[in-house]
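# What the coordinates show
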Amino acid sequence: MIGLAGALALTLAAAQPASAQDHTRTESDRASGAINGERVLPGRLGDRSPPVSAASPRQRREQRPAPAAPAAPTAESIKAAAQAQLTANNLTCELTEAINPGLIGEAPVYEAACNNAEGYILIASTPAQAFSCIELAGTAAIARSRDPNADVGQQCALPANQNGLAVIGGWARAAGATCTIDEAQAIGKSEDNNMVYEVGCANDNGYRLEKTATGWDLMDCIQVTSMGQTCRFTTAQEQADSFKAKLAGTDAAGCNVTQVRLMGSNANGRFYEAKCAAEGEGYIARINAEGVTQQIYPCATAQSIGGGCTLTTAAPAAGGRP
């Protein structure tokens, strides 16, 4: 900043008649806005110095104080904005926490955590948009399983929204799963465009569940694999162990199950084939809707049931139908 003496000299120079100033300023000086060879920059003079009468309109604009920056949004205002977006998306959520991670284009983005439920990424666009944190996490997990360096896009960051196991596990139990659930993930959409989830169980058969318009459709992983699909969180050994438990108290209780498949169903229940570790030993079991084993057929005498056993090579027994 120019000192007080310099400012005073500048004031005196500005007060001189134009003809007197021309003796000390060259044509180059006048063109550049310099006084006595020194250029005057906007804002260089303190508030105590008078304005330079020869300042250009641009200089006068630049000398105006910059507008104050808008106040940062408060936690309360962010929460209120997030609630407005939940309402705009017709989402039921007991909102507990919200953050504003930024913008997409000019539209503010909010992340909302809901009490003991799935959270959301909300985009305040027209129309309003919402994305489930659980669905986003599932999509990201599948993408990373294919490519660990995959760009998985916006993900939920609030600790309260890292709750997929608890939320999906609760849905599975409500749908009828009775195991101890230790893994859970959204895995995509069905042909009916419904969300599908998978849960894994500790040392037990896992499940898929589909969210339909009328409720939950639960399918165990033995059913899934019998349809030629796979369960990520259930091993073949877990399926075999879980089915062995269904044979307890029957004529097949001594079978050390190594493989199991769903054969089909009718009005009386579902029919499963269990292959045993003992050579040539296997059974077909009819299990009712409650999961209770109703009847056992040795593979050696079950050729007429659903085409007979295919996992077990057993010589046909002498005699007729089972």
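Everything below is about the structure shown above.
Here's a quick rundown of the structure. (Residues numbered from 1 in each chain as written. Predicted model: local features only at pLDDT ≥ 70, side-chain atom pairs only at ≥ 80, totals over all residues. Heavy atoms only, no water.)

### Considerations on the pattern of salt bridges
Pairs can form between side chains of opposite charge once their charged atoms are near each other. Evaluated as defined, the whole model comprises one salt bridge. The residue Arg261 makes a salt bridge to Glu273 at a minimum N-O spacing of 2.7 Å. In this pair, Arg261 is assigned in strand 11 (residues 257-266) and Glu273 in strand 12 (residues 269-276), connecting sequence segments 12 residues apart. Accessibility expressed as a relative area gives 21% for Arg261, which makes it partly exposed. (Salt bridge = Lys/Arg side-chain N within 4 Å of Asp/Glu carboxyl O. Helix = DSSP H or I, 4+ residues; strand = E, 2+ residues; numbered from the N terminus. Buried < 20%, exposed > 50% of the residue type's maximum accessible area, 1.4 Å probe, protein only.)

### Points about the packing of aromatic side chains
Going through the model one piece at a time under the given rule, you end up with four aromatic pairs. Look at Phe243 and Tyr272: their rings are 5.3 Å apart centre to centre, the planes differ by 50°, and that puts the pair in the tilted class. In this pair, Phe243 sits in helix 9 (residues 236-246) while Tyr272 sits in strand 12, placing the two residues 29 residues apart along the sequence. Both residues of the pair, Phe243 and Tyr272, count as buried. What links up through ring pairs into an aromatic cluster is the set Trp171, Tyr197 and Trp216. Directly above the aromatic system of Trp171 lies the positively charged group of Lys211, at a separation of 5.4 Å from the ring centroid. (Phe/Tyr/Trp six-rings, centres within 6.5 Å; stacked < 30°, edge-to-face > 60°. Lys NZ or Arg CZ within 6 Å of the ring centre and 35° of its normal.)

### Re the state of the cysteines
Scanning all chains against the criterion turns up six disulfides. The disulfide partner of Cys133 is Cys156, and the gap between their sulfur atoms is 2.0 Å. Judged by the torsion about the S-S bond (-85°), the Cys133/Cys156 disulfide is left-handed. One end of the pair, Cys133, is in helix 6 (residues 133-146); the other, Cys156, is in the loop between helix 6 and helix 7 (164-175), with 23 residues separating them in the sequence. Given a relative accessible area of 4%, Cys133 falls into the buried group. With relative accessibility at 11%, the residue Cys156 sits in the buried group. By sequence-ordered numbering of the bonded cysteines, the chain has its disulfides arranged as 1-2, 3-4, 5-6, 7-8, 9-10, 11-12. (Disulfide = S-S within 2.5 Å.)

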